[in-house]
Amino acid sequence: MPTPKEFTLAGPQHAVTLAESTSHLHGVLGLHHDASHDASHDASHDAGHGDAIAFLDTFDWRVHSAGFVLARLGDALELSDRETGALLIRATATGRVEFDEDLPAVLRDRLDGALGVRALRPVAAVTSVVAVLTEHNEDAKTVARLVVSDGQVDTARGPVPLTRRVAVVPLRGYDRFAAALAARVGDLPGVEPAGSTVFAEAVAVTGRRPGDYSSKMALTLRRETSTYDAARLVYRTLLASLQANESGTMAGVDTEFLHDFRVAVRRTRSALKELPGALPPDVEQHFRDEFRWLGQTTTPTRDLDVYLLDFPSFTAAVGSAAADLRPLHRFLRAEQRREHVALRRALGSARYRRLRDEWSLAVDADAPTAAPGPAGLAPIGRSADIRIRKVAQRLLRDGHRITADSPAGALHDLRKRAKELRYLLEFFGSLYDRKPHSAAVSELKGLQDNLGSYQDAQVQRHEVEGFAERLLSAGETSAATLLAAGRLVATFDDRQRQARAEFAERFASFAGPRNRRRLAELTGGDW
Amino acid sequence: MKTLAAYNIKGGVGKTSAAVNLAYLAARDGWRTLLWDLDPQAAATYLFRIRPRVKGGGKALVRGRRSVDDAIKATDFAGLDLLPADFSYRHMDLLLDDTKRPTRQLRALLKPVSGEYDLVVLDCPPSISLVSENVFQAADLLLVPLIPTTLSLRTFDQLAAFVADLDGGRPDLRAFFSMVDGRKRLHAELMRALPRGRSDILTAFVPSATDVERMGLTRKPVAVSKPRGRAAQAYGDLWDEVREVLS
Ligand SMILES: Nc1ncnc2c1ncn2[C@@H]1O[C@H](COP(=O)(O)OP(=O)(O)O)[C@@H](O)[C@H]1O
Ligand SMILES: [Mg+2]
């Protein structure tokens, strides 16, 4: 599909009206006024202004990261190339478009799973008033179009006008006319090639920026920075992530908000534990308690979210008995809603607000209320080396003790260790050489994945049993549902056994000489 | 992608007028539409003010040396493109006969653009030939304009028998009355006498109207030149019924 060439007109929108601009271009370029287009816009005038576009993306910009811009114009969804603005796909979508499964098939294929479980939300809404001029050939056939548009972005502060734009739109089979017209337009005084797309300009107005949110930690620290300063930077970064996810969690937009919210809580708790003495011990103790509370408060909803996300794989696992699991699904949905209400109440509570606000003051960049603790003045480079070494060696020691007869609890503890190590490596990545650091992280990730699937299967098995019992006592279930639940338990058992069988290999790789050499290289000391 | 063909063995019955107006209405309805003017007379091409010329001619197109994609022109209307006629289309029969699957070549040629369009409208030359056989193979629906006479009804029944005998995926077949003149007793009588159960004749009909005749001057679909006129109304009703059959 042909790509329009875009220009901007100098000066603010209100200095010269759209009609004046248009009639000027009309005159100097010798074009025709396309009244049919005006008519269709007049018709929609009482509803506001002309065309309304909503740009859609996930909270963490997955559409943008995949190289696209997605826009909704009434019943049409348009996917364009992020860089060139070229329209790639236009498809009709009448209903709500929020998740991957709501997308028309052509778009779904093109986005190829990029959205994951995340919801699409409007990242900027633009309404525009447009005027269309056309170039005709000697048969009075339109061979190129010029669209002059005044867009405005809806923001919380009210509408904000965008730069007036002139787009030369080619017609299929008549591209050379558009190219020639674009050259003439470009030569006019006061006309500049558009430096950014409407999408980029509109998003900038909203105060957001593509890629401004990611759950990944990307801190830049120096080895000689004090542990006190470094820890506060870690805490502030995590608090920002927590707050960024607060409203999405409350509204239940998608499950990733709560997930990322909890990751921020868990990382904070881990840092409070692994960097003791960066802040005064009583302060640390208080916030350890408060963040533990916050973590626990959010657990039931997250567990149910995971359950519901995994449900399709459960039904696949039980095959023909899938229909019998429906009561279980309904039950889980109802539980999830109930827990989410409780979660919302917790996040609306004075306790939560106090935690958040006091913590924010405690770790403030300029005027922290928390003074340096007993270990606060040591350089972070050394502190990080020591902590990473300690946690990694503890992980190695405990891992070596695991045998085929070890109880499940031993693997769970090991998983916690692994997670702590992972967080430390993430907080302090900037202190280390990229290559050995990322190799160590991916080695660790392999181990964590294994321990994760082991524990997930265990937890899910346990919960299905629990749910089945509750369904039973609520008198809401049939024998078929219970049998299906039984089959589900059996598949979890299988998964767990399989993860257990793979454990030795994964751990051996993590604990092998190569990885130990790497860890030694990173943090020094004896391995 | 659906394919609709305006077909009649006879000329001057309203095929082109129907093809042009229905294609326009489909596009306005949000169907991404391509109109292929298969008639070397190039009436549909002319009505959209497009030059009746395909680079390399029908030969390059039919032999697949030039992709259909390259020959497509945008009309002045959003969502409606045209594949122009070319004078060389008058040898289309011979060109088709020279291909590996002579009766399925048209269908094959449209394949590459099938993802781009929701509807292809074929405006057919008046004949029964290899071109029409290709049209029967490519179309989901053959739409036949009939001037209300007993003879034209009989010809339509013969066509129905012919289509029923085709092998492969047979197209749906529907007729509609075209150029209906309210002052002609015969027209009125014939339409009234039609057996109620005949589902292959659509209810909507196109009256004989100056708006349609004047398309040669306005070079616009009637819904654009005379949106509130009788003819625009009639094509609107016809599109509603056709859309129903296609969906
Ligand atoms: N409903 C109608 N009322 C008046 N004139 C019509 C009508 N339909 C077609 N015509 C005229 O009849 C002639 C033939 O119509 P056309 O659509 O080109 O038929 P075909 O494609 O079957 O040859 C054209 O001049 C056209 O303007
Ligand atoms: Mg014709």
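Rules used throughout
- Residues numbered from 1 in each chain as written.
- Chains lettered and ligands numbered in written order.
- Predicted model: local features only at pLDDT ≥ 70, side-chain atom pairs only at ≥ 80, totals over all residues.
- Heavy atoms only, no water.
- Contact = heavy atoms within 4.5 Å.
- Buried area = accessible area lost by both parts, 1.4 Å probe.
- Salt bridge = Lys/Arg side-chain N within 4 Å of Asp/Glu carboxyl O.
- Polar contact = N/O pair within 3.5 Å; in protein donor to acceptor, adjacent residues only side chain to side chain.
- pLDDT = per-residue confidence, 0-100.
- Pairing = 2+ DSSP bridges.
- Helix = DSSP H or I, 4+ residues; strand = E, 2+ residues; numbered from the N terminus.
- Near = heavy atom within 4 Å.
- Areas by Shrake-Rupley, 256 points an atom, 1.4 Å probe, with all protein chains shown as cover.
- Nonpolar A, V, L, I, M, F, W, Y, C, P; charged D, E, K, R; others polar.
- Domains from an automatic or database assignment.
- Phe/Tyr/Trp six-rings, centres within 6.5 Å; stacked < 30°, edge-to-face > 60°.
- Buried < 20%, exposed > 50% of the residue type's maximum accessible area, 1.4 Å probe, protein only.
- Lys NZ or Arg CZ within 6 Å of the ring centre and 35° of its normal.
- Axes fitted to C-alpha atoms, helices over the stretch in contact; angles between N-to-C directions.
- Parallel < 35°, antiparallel > 145°, perpendicular 65-115°, else oblique.
- Left-handed = near helix turned anticlockwise from the far one by under 90°.

A. Expanded view of the interface of chain B and chain A. With 16 residues of chain B at the interface, the matching set in chain A holds 12 residues. Taken together, the two surfaces of chain B and chain A that pack against each other cover about 1,200 Å², and 33% of this comes from carbon and sulfur. Between B:Asp69 and A:Arg172 there is a salt bridge whose closest N-O contact spans 2.4 Å. On the surface where chain B and chain A come into contact, there are 12 residue pairs in polar contact (both at pLDDT 80 or more).

B. Representation of the confidence of the model for chain B. A residue-level look at chain B finds 99% of positions with pLDDT of 70 or above and a mean pLDDT of 94. Predicted as a complex, the structure gets a pTM of 0.79 and an ipTM equal to 0.91.

C. Inspection of the pairing of strand β1 (residues 5–9) of chain A at higher detail. Residues and elements named next belong to chain A. Here β1 runs beside strand β10 (residues 165–170); their pairing, made up of 4 bridges, is antiparallel. Note that in β10 the partner of Thr8 across the bridge is Arg165. Pairing analysis gives 3 bridges linking β1 to strand β11 (residues 191–193), with the strands arranged antiparallel. By the bridge assignment for β11, Phe7 is matched with Pro193.

D. Inspection of the site of ligand 1 at higher detail. Residues and elements named next belong to chain B. Gly12, Thr16, Ser17, Pro207 and Ala209 are the nearest of the 14 residues found near ligand 1. Contact between ligand 1 and Gly14: an oxygen atom at 2.9 Å from a main-chain N or O atom of the residue. A distance of 2.6 Å separates an oxygen atom of ligand 1 from a polar atom in the side chain of Ser17. Bound to the protein, ligand 1 loses 77% of the 550 Å² it would expose on its own. Contributions of two or more residues to the shell around ligand 1 are made by α1 (15–28) and α10 (210–213). In terms of residue count, the dominant contributor to the shell around ligand 1 is α1 (3 residues). In terms of residue class, the shell around ligand 1 is made up of 6 nonpolar, 6 polar and 2 charged.

E. Structural view of the confidence of the model for chain A. Residues and elements named next belong to chain A. With 96% of its residues at a pLDDT of 70 or more, chain A shows a mean pLDDT of 91. For chain A, helix α2 (residues 35–43) is the element with the lowest average pLDDT, namely 48, and helix α12 (residues 350–362) is the one with the highest, namely 98. Counted against residues more than four places away or in other chains, residues 39–49, with its pLDDT under 50, gives 10 contacts.

F. Region of interest: the domain arrangement of chain A. Residue and element names in this part refer to chain A. Partitioning chain A into structural domains gives domain 1 (5–205), domain 2 (214–360) and domain 3 (379–527). A separation of 19 Å is found between the C-alpha centroids of domain 2 and domain 3. In this complex, domain 2 contributes 39 residues to the contact, which on the side of domain 3 involves 35 residues. With both sides pooled, the region where domain 2 packs onto domain 3 buries about 3,200 Å², and carbon together with sulfur makes up 60% of that total. When the buried area of domain 2 at its contact with domain 3 is split by residue, Arg223, Glu274 and Tyr307 rank highest and sum to 22% of it.

G. Highlighting the packing of aromatic side chains. A full pass over the atoms with the stated rule returns 16 aromatic pairs over all chains. Aromatic pair A:Phe59 and A:Tyr213: ring centres 4.8 Å apart, planes at 40 degrees, arrangement tilted. Taken together, the residues span a long stretch of sequence, with A:Phe59 in the loop between β3 (51–57) and α3 (62–65) and A:Tyr213 in the loop between α6 (198–206) and α7 (227–244) at a distance of 154 residues. One exposure class covers both A:Phe59 and A:Tyr213, and it is buried. Summarising the aromatic geometry, the rings of B:Phe48 and B:Phe77 are spaced 6.2 Å apart at their centres and angled 70 degrees between planes, so their arrangement reads as edge-to-face. You can see B:Phe48 sitting in the loop between α2 (43–47) and α3 (57–62) and its partner B:Phe77 sitting in the loop between β3 (73–74) and β4 (80–83), a full 29 residues away along the chain. Accessibility classification places B:Phe48 together with B:Phe77 in one group, the buried group. What links up through ring pairs into an aromatic cluster is the set A:Tyr235, A:Phe287, A:Phe291 and A:Trp359. Between A:Arg118 and the ring centre of A:Phe257, over which it is positioned, the NZ or CZ distance is 4.5 Å. In this structure, B:Arg219 is placed above the aromatic ring of B:Tyr46, and the distance from its NZ or CZ to the ring centre is 3.9 Å.

H. Focus on the packing of α7(A) against helix α9 (residues 255–274) of chain A. All names here are of chain A. Running from amino to carboxyl end, α7 crosses α9 at an angle of 160 degrees, the nearest separation of the two axes being 8 Å. With respect to α9, the axis of α7 lies roughly antiparallel. Viewed along their axes, α7 and α9 form a crossing whose handedness is left-handed. Facing α7, whose interface residues are Val234, Tyr235, Leu238, Ser241 and Leu242, α9 presents Asp260, Phe261, Ala264, Val265, Arg267, Thr268, Ala271 and Leu272. Its residues placed into classes, the contact of α7 with α9 shows 9 nonpolar, 2 polar and 2 charged.

I. Representation of the pairing of strand β7 (residues 121–136) of chain A. Residues and elements named next belong to chain A. Pairing between strand β2 (residues 32–33) and β7: 2 bridges, direction antiparallel. By the bridge assignment for β7, His32 is matched with Thr134. Relative to β7, β3 is paired through 7 bridges, and the arrangement is antiparallel. Each bridged residue has a counterpart across the sheet, and for Ala52 the counterpart in β7 is Thr127. Connecting the antiparallel pair β7 and strand β8 (residues 142–155) is a turn made up of 5 residues, with Ala140 showing a positive phi of about 60 degrees.

J. Spatial organisation of the environment of A:Phe331. All names here are of chain A. Among the secondary structure elements, Phe331 is positioned in helix α11 (residues 326–347). Here Phe331 falls in the buried class, since its relative accessible area comes to 14%. Considered as a pair, Phe331 and Arg417 are 86 residues apart in the sequence and their alpha carbons are 34 Å apart.

K. Inspection of the sheet that holds strand β5 (residues 119–123) of chain B at higher detail. Residue and element names in this part refer to chain B. If you walk across this open sheet you meet the 7 strands as β3-β4-β2-β5-β1-β6-β7, and the pairing is mixed. The two strands at the open ends of the sheet, each matched to only one other strand, are β3 and β7 (172–177). Here β3 pairs with β4 via 2 bridges, running antiparallel. Bridge assignment links Lys73 to a residue of β4, and that residue is Leu82.

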